[in-house]
Amino acid sequence: MTTRRVSTRSVLTLIDEWQPENITLAATAALALGSIDPLEMLQLVLTDVPTLVRTYRRRVKTDANVLGDRELLSRLEEYAGRQVLAAAISVGGTMVYMWFDEEMTKVLGCVIGRDHRSQGEARTSDL
């Protein structure tokens, strides 16, 4: 698994520039990032796009209780690259996943849902 460390401030700048279909996605991602020291480094994971597309097609069909899954799927299907960078933040029982292009120049999407770990469940199957 390939990872990259990026400052929280850099990620927040990209989120601030992002114009999602649902503005709640950007606002929630910014709030989650705001809970972290801006000088702290986030660890992003390089993730395979075809795998994400298969996963989110399945989740959209099952109508998982998450915000942003349809928009993310649409953007991933249009994305020309083979991999994306992913960051995950858990805040107050909510899980926020953000995806960026490989060059870390733009946000591809964000998915927000319940953090099952806060209820003692060790799964993120809704996300």
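The text that follows walks through the structure, step by step, so that each part is easy to find.

Thresholds, definitions, all that
Residues numbered from 1 in each chain as written. Predicted model: local features only at pLDDT ≥ 70, side-chain atom pairs only at ≥ 80, totals over all residues. Heavy atoms only, no water. Helix = DSSP H or I, 4+ residues; strand = E, 2+ residues; numbered from the N terminus. Rg over C-alpha atoms; globule rule 2.2 N^0.38 Å. Contact = heavy atoms within 4.5 Å. Areas by Shrake-Rupley, 256 points an atom, 1.4 Å probe, with all protein chains shown as cover. Lys, Arg positive; Asp, Glu negative; His and termini not counted. Charge placed at Lys NZ, Arg CZ, Asp CG, Glu CD. Buried < 20%, exposed > 50% of the residue type's maximum accessible area, 1.4 Å probe, protein only. Arc of directions from axis to C-beta. Expected span 1.5 Å × (residues − 1). Polar contact = N/O pair within 3.5 Å; in protein donor to acceptor, adjacent residues only side chain to side chain. Phe/Tyr/Trp six-rings, centres within 6.5 Å; stacked < 30°, edge-to-face > 60°.

### A few points about the overall build of the protein chain
For step 1, the next point in the chain: A tally of regular secondary structure across the protein chain gives four helices and five strands.
For step 2, the next point in the chain: Along the protein chain, from the amino end to the carboxyl end, the secondary structure elements read β-α-α-β-α-α-β-β-β.
For step 3, the next point in the chain: Taking 2.2 N^0.38 as the reference for a compact globule, 127 residues should give roughly 14 Å; the C-alpha atoms of the protein chain span a radius of gyration of 14 Å, in line with that estimate.
For step 4, the next point in the chain: Taken along its principal axes, the extent of the C-alpha atoms in the protein chain is 40 × 35 × 30 Å.
For step 5, the next point in the chain: If you take every contact in the protein chain between residues at least 6 apart in sequence, the share linking residues at least 24 apart comes to 62%.
For step 6, the next point in the chain: Within the structure as shown, the protein chain displays about 6900 Å² of accessible surface, and the carbon and sulfur contribution to it stands at 49%.
For step 7, the next point in the chain: A gap of 6 Å separates the mean positions of the 15 positive and 17 negative side-chain charges of the protein chain.

### Observations regarding helix 1 (residues 8-17)
For step 1, the next point in the chain: What helix 1 keeps buried is the set T8, V11, L14 and I15. For helix 1, the angular spread of buried residues about the axis comes to 125°, placing them on one side. Exposed and facing more than 90 degrees away from the buried side of helix 1 are D16 and E17.
For step 2, the next point in the chain: Next to the buried residues of helix 1 lie strand 1 (3-7), helix 2 (23-34), strand 2 (41-48), strand 4 (94-101) and strand 5 (107-114).

### Details of helix 2
For step 1, the next point in the chain: Between its first and last C-alpha atoms helix 2 spans 16 Å; for twelve residues at 1.5 Å apiece the expected length is 16 Å, and the two agree.
For step 2, the next point in the chain: Where helix 2 is buried, its residues contact helix 1, strand 2, helix 4 (69-78), strand 3 (83-91), strand 4 and strand 5.
For step 3, the next point in the chain: Regarding helix 2, its N-cap is N22, as a side-chain oxygen of that residue lies 2.9 Å from the backbone nitrogen of T24 further along.

### Quick notes on the packing of aromatic side chains
For step 1, the next point in the chain: Considering all chains together, one arrives at two aromatic pairs under this definition.
For step 2, the next point in the chain: Where Y56 meets W99, the ring centres are 5.8 Å apart and the plane angle is 80°; that geometry is what we call edge-to-face. Of this pair, Y56 sits in helix 3 (residues 49-61) while W99 sits in strand 4, and the two are 43 residues apart along the sequence. Neither Y56 nor W99 differs from the other in exposure class; each is buried.
For step 3, the next point in the chain: Between Y97 and W99, the aromatic rings sit 6.0 Å apart at their centres with planes inclined by 20°, giving stacked as the arrangement. Of the two residues, Y97 and W99, neither departs from the other in class, the shared state being buried.

Nothing here speaks to function; it is geometry throughout.
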